[in-house]
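Structural features, examined
In case you want the letters, here they are:
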Amino acid sequence: MSEIILMSDARVAAVPVEENGELLVDVRAHLRVDDRKHEDSGGAEVHLRQGVLDRLLRAQALLPDGLRLLFVEGYRPPALQRHYFETYADGLRAAHPDWSADRIRTAASRYVSPPEIAPHSAGAAVDLTLTDADGRELDLGTAMNASPEESDDACYTGAGNITEEAKANRDVLGQALSAAGLVNYPTEWWHWSYGDRYWALQTGAPAALYGPKELDAA
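The rules behind each value
Residues numbered from 1 in each chain as written. Predicted model: local features only at pLDDT ≥ 70, side-chain atom pairs only at ≥ 80, totals over all residues. Heavy atoms only, no water. Helix = DSSP H or I, 4+ residues; strand = E, 2+ residues; numbered from the N terminus. Rg over C-alpha atoms; globule rule 2.2 N^0.38 Å. Buried < 20%, exposed > 50% of the residue type's maximum accessible area, 1.4 Å probe, protein only. Contact = heavy atoms within 4.5 Å. Areas by Shrake-Rupley, 256 points an atom, 1.4 Å probe, with all protein chains shown as cover. Lys, Arg positive; Asp, Glu negative; His and termini not counted. Charge placed at Lys NZ, Arg CZ, Asp CG, Glu CD. Pairing = 2+ DSSP bridges. Axes fitted to C-alpha atoms, helices over the stretch in contact; angles between N-to-C directions. Core = buried A, V, L, I, M, F, W, Y, C linked by side-chain atoms within 4.5 Å. Parallel < 35°, antiparallel > 145°, perpendicular 65-115°, else oblique. Left-handed = near helix turned anticlockwise from the far one by under 90°. Nonpolar A, V, L, I, M, F, W, Y, C, P; charged D, E, K, R; others polar.

Each helix and strand in the protein was counted, giving 8 helices and 7 strands. At 16 Å, the protein has a C-alpha radius of gyration in line with the 17 Å of a compact globule built from 218 residues. Viewed in the frame of its principal axes, the protein has a C-alpha envelope of about 50 × 40 × 35 Å. Across the 218 residues that make up the protein, the buried fraction comes to 52%. Of all intrachain contacts in the protein linking residues separated by at least 6 positions in sequence, the fraction that spans at least 24 positions is 72%. Split by element, the accessible area of the protein, about 9,900 Å² in all, is 50% carbon and sulfur. For the protein, the distance from the average position of its 20 positive side-chain charges to the average position of its 35 negative side-chain charges is 3 Å.

This brings us to the sheet that holds strand 4 (residues 68–73). In space, the 5 strands of this open sheet follow the order 2-4-5-7-6, with mixed pairing throughout. A single partner strand is all that each edge strand has here, and the edge strands are strand 2 (32–33) and strand 6 (183–184). Note that strand 6 and strand 7 (residues 191–193) share 2 bridges and pair antiparallel. By the bridge assignment for strand 7, N184 is matched with W192. In this fold helix 3 (residues 50–62) packs onto strand 4 and strand 5 (125–131), with an angle of close to 145° to the strand it touches most, strand 4.

The phi torsion at N145 lies on the positive side, around 70°, for a residue other than glycine. One can find N145 in the loop between strand 5 and helix 6 (148–151). Overall, the relative accessible area of 21% leaves N145 in the partly exposed class. For D152, which is not glycine, the phi torsion reads 55° and is therefore positive.

Turning our eyes to something else, we now look at the environment of L92. Inspection of the secondary structure assignment puts L92 in helix 4 (residues 78–95). Looking at L92, the relative accessible area reads 4%, which means it is buried. Dropping the residues within four chain positions of it, L92 is found in contact with I104, A107, A108 and E149.

Time to look at the nonpolar core. Ranked by internal contacts, the top residues of the largest apolar core, which has 44 residues, are L56, L69, V126, L173, L177 and L182. Among the elements of the structure, helix 3, strand 4, strand 5, helix 7 (164–179) and helix 8 (197–203) are those that each provide at least two residues to this core. If one sorts the elements of this core by residue count, helix 3 sits on top with 4 residues. With residues up to four places along the chain from it excluded, the contact list for L177 reads L56, A59, L128, L182 and W192. L80, F85, L92 and A107 belong to the second-largest nonpolar core, a separate cluster that totals 10 residues.

On to the packing of helix 4 against helix 5 (residues 101–108), then. For the pair helix 4 and helix 5, interaxial distance at closest approach is 9 Å and the crossing angle is 125°. Viewed along their axes, helix 4 and helix 5 adopt a mutual orientation that is oblique. Relative to helix 5, the crossing made by helix 4 is right-handed. Every residue of helix 5 that contacts helix 4 at F85, Y88, A89, L92 and R93 is listed here: I104, R105, A107 and A108. Of the residues assigned to the contact of helix 4 with helix 5, the class counts are 7 nonpolar, no polar and 2 charged.

Written as structure tokens, this is what we have:
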């Protein structure tokens, strides 16, 4: 297995941002959208940068007949990202009181990005899955947003402890999204991004296109 670079890695934070100013746009007229994150985000979650949405539409066109993307969460306000990260890190501290601060940060970043470099807060990342033509979610091995602890690391995109059907479905999703120019965060099969620091590091781009953004600034 190739090296997994986590969001907490100094190489991610070192990527410069050359903000291109693209607006955050509402995806609901373009994609099938699930509302499971609405209560946390109050509607912010249905937004993405225009360039990310364009690539998702390209990916959807590449899917086999009868399959559709199911969009769950895009933009995440910086304050909500900070809340998610700190809450998860607090749980790790309680479970592992002997762990150092660096180890807590690294472990937390498998599941929630550190707020200062979070792709979701740049409008660059999307959490999504696949459905059939009738809107039924396909089996991708774990529930979306299952933590490493909850899933015995089956949330990792390349996990071996899932069914062959789930592996095949992850491959279908990944092939379409990769072909459209997005990159996956390999500890979360559902998380894909374009234009953020992690994308830039993985693709060799000289800089990220999108930095953290407030929705009301769009």
